[in-house]
Amino acid sequence: MRTRPIIDWPRDGQPAAAAGGAVGVGPEPAVAPAEGLARIRDLLAGGGVAVLSGAGLSTESGIPDYRGVTGSLRRHTPMTYQEFVSDEAGRRRYWARSHVGWQTIARARPNAGHRAVQALRAGGHIGAVITQNVDGLHHAAGTTDAVELHGGLDRVICLGCGQLTRREDLDRRLHAANGRLDAASSAVNPDGDVELAPELVEAFQVVPCLTCGGVLKPDVVFFGENVPRARVDHCFDLIDAARALLVLGSSLTVMSGLRFVRRAARADLPVAIVNHGPTRGDEHASIRVDLPLGEALTTLAQELDAS
């Protein structure tokens, strides 16, 4: 499977489960923080550890995750690829809300966790970095070859001619067409979406591709859309070349990320998970720790640098 499947959105505070399995089946119990960090430090000391990061790594930069305690899936269903390509009103709603939310994404800066990942990479402890995030914060922290599995919000692609352009250029065009919009809520979702008054959405003017007049879409993989095959295969190669896999801030609810944990487990590679709450990959983890990522990763980077 090479899609981000449509999942059962969480209701009444319950965790989400993707088609094909429940969250945290047969999990490895989370260990005490000190013990867990020591074991992860020993794992990183050998080098060649691949990282798979999720939205939980960016929460300390002011971008909420989808499925945490305050995750946006408790309030909001993300845009799906099927709705975006087939429904003009859906595209208008997406671009209106994303036009406002993009400002928060654009202003976000890497946090201690992103910087620690880069420090560990520079020290030879971490090899490949694969991220499920679309916020560009790994790149901004200096990990410029981090693989953005689901693309990046800083780019826009035309569904007609395939031309890629910068999001900031589109933002200027949308501002010229619509002026300033005020969000009803300052809370931004991981896809850059915010709540917006219906009358503002209905009046919003969407702009077309300047080259062919086609439909513009952020260069990200929406829920229900295929992750490009070449990108998936590249990530599999990175996992195959690693000594271990470290998962940071991902619930692994959808197969898009979980498949890499399963790949590592089938190859008998150690899997370590640092995440708030259970994940769908816990049954494959030899180490599972529940700690704030910025603090934990900074501690690991400092200890390994001093050793």
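Analysis parameters
- Residues numbered from 1 in each chain as written.
- Predicted model: local features only at pLDDT ≥ 70, side-chain atom pairs only at ≥ 80, totals over all residues.
- Heavy atoms only, no water.
- UniProt positions renumbered as here; feature names shortened; annotations may be inferred.
- Pairing = 2+ DSSP bridges.
- Helix = DSSP H or I, 4+ residues; strand = E, 2+ residues; numbered from the N terminus.
- Axes fitted to C-alpha atoms, helices over the stretch in contact; angles between N-to-C directions.
- Contact = heavy atoms within 4.5 Å.
- Buried < 20%, exposed > 50% of the residue type's maximum accessible area, 1.4 Å probe, protein only.
- Polar contact = N/O pair within 3.5 Å; in protein donor to acceptor, adjacent residues only side chain to side chain.
- Salt bridge = Lys/Arg side-chain N within 4 Å of Asp/Glu carboxyl O.
- Expected span 1.5 Å × (residues − 1).
- Phe/Tyr/Trp six-rings, centres within 6.5 Å; stacked < 30°, edge-to-face > 60°.
- Lys NZ or Arg CZ within 6 Å of the ring centre and 35° of its normal.

As recorded in an unreviewed UniProt entry, the protein goes by NAD-dependent protein deacetylase and comes from Streptacidiphilus jeojiensis. UniProt, in the comment section headed Function (unreviewed entry), describes the protein in these words: "NAD-dependent protein deacetylase which modulates the activities of several enzymes which are inactive in their acetylated form." What UniProt records for the protein under Subcellular location (unreviewed entry) is the sentence "Cytoplasm".

Turning our attention to the sheet that holds strand 6 (residues 216-220). If you trace the three strands from one edge of the open sheet to the other, you get 5-4-6, paired in antiparallel fashion. The two strands at the open ends of the sheet, each matched to only one other strand, are strand 5 (164-166) and strand 6. When the angles between neighbouring strand axes are averaged without regard to direction, this sheet yields 45°. Along the sheet, helix 6 (residues 167-178) contacts strand 4 (151-158), strand 5 and strand 6; its crossing angle with strand 5, the most-contacted strand, is approximately 70°.

UniProt marks Cys158, Cys161, Cys209 and Cys212 with the feature "binding site: Zn(2+)" (unreviewed entry), using the numbering shown here. Sequence-wise these annotated residues cover 55 residues; spatially they are packed, their C-alpha atoms never more than 8.7 Å apart. As for its position among the elements, Cys161 is in the loop between strand 4 and strand 5. Aside from chain neighbours lying at most four places away, what touches Cys161 is Cys209, Thr211 and Cys212. Turning to its location among the elements, Cys209 is positioned in the loop between helix 7 (198-203) and strand 6. Overall, Cys209 belongs to the buried group, its relative accessible area being 6%. The contacts of Cys209, once residues within four sequence positions are left out, are Cys158, Cys161, Gln163, Gly214 and Leu216.

Before going further, it helps to spend a moment on the environment of Asp42. The residue Asp42 is located in helix 1 (residues 33-45) in this model. A relative accessible area of 54% places Asp42 in the exposed class. Along the primary structure Asp42 and Leu300 are separated by 258 residues, whereas in three dimensions their C-alpha atoms are 9.7 Å apart.

Following the sequence through the fold, His150 ends up in the loop between strand 3 (147-148) and strand 4. His150 sits in the buried class, given a relative accessible area of 1%. As a C-alpha pair, His150 and Asn226 span 76 residues in sequence and 9.4 Å in three-dimensional space. Here Ser256 takes part through its side chain, which lies 2.5 Å from a polar atom of the side chain of His150.

Take the pattern of salt bridges next. All told, the structure shown has 15 salt bridges when counted by the stated rule. Between Arg172 and Asp169 there is a salt bridge, and its shortest N-O distance comes to 2.4 Å. Here Arg172 and its partner Asp169 are both found in helix 6, three residues apart, which amounts to about one turn of the helix. In this structure, Asp282 engages Arg288 in a salt bridge whose closest nitrogen and oxygen atoms are separated by 3.4 Å. Residue class for Arg288 comes out buried when judged on its relative accessible area of 14%.

Most of strand 1 (residues 49-53) is tucked away: five of the five residues are buried. Burial along strand 1 is two-sided: Val49, Val51 and Ser53 and Ala50 and Leu52, pointing in opposite directions, are all buried. Two elements, strand 1 and strand 2 (residues 126-131), share four bridges in a ladder whose sense is parallel. Bridging across to strand 2, Ser53 finds its partner in Thr131. The pairing of strand 1 with strand 7 (residues 244-248) spans five bridges and is classified as parallel. Paired with Leu52 across the bridge in strand 7 is Val247.

What follows concerns helix 10 (residues 293-306). For helix 10, built from 14 residues, the straight-helix expectation of 20 Å at 1.5 Å per residue is met to within 8% by its first-to-last C-alpha distance of 20 Å. Of the positions making up helix 10, those classed as buried are Leu293, Gly294, Ala296, Leu297, Leu300, Ala301 and Leu304. On its buried side, helix 10 packs onto helix 1, helix 4 (112-122), strand 7 and strand 8 (271-274).

As enumerated under the stated definition, the model contains five aromatic pairs in all. With a centroid separation of 5.3 Å and an interplanar angle of 75°, the aromatic rings of Tyr94 and Trp95 are classed as edge-to-face. When sorted by exposure, Tyr94 lands in the same class as Trp95, which is buried. It is Lys217 that lies over the ring of Phe222; its NZ or CZ is 4.7 Å from the centre. In this structure, Arg263 packs its charged tip against the face of Phe236, placed 4.3 Å from the ring centre.

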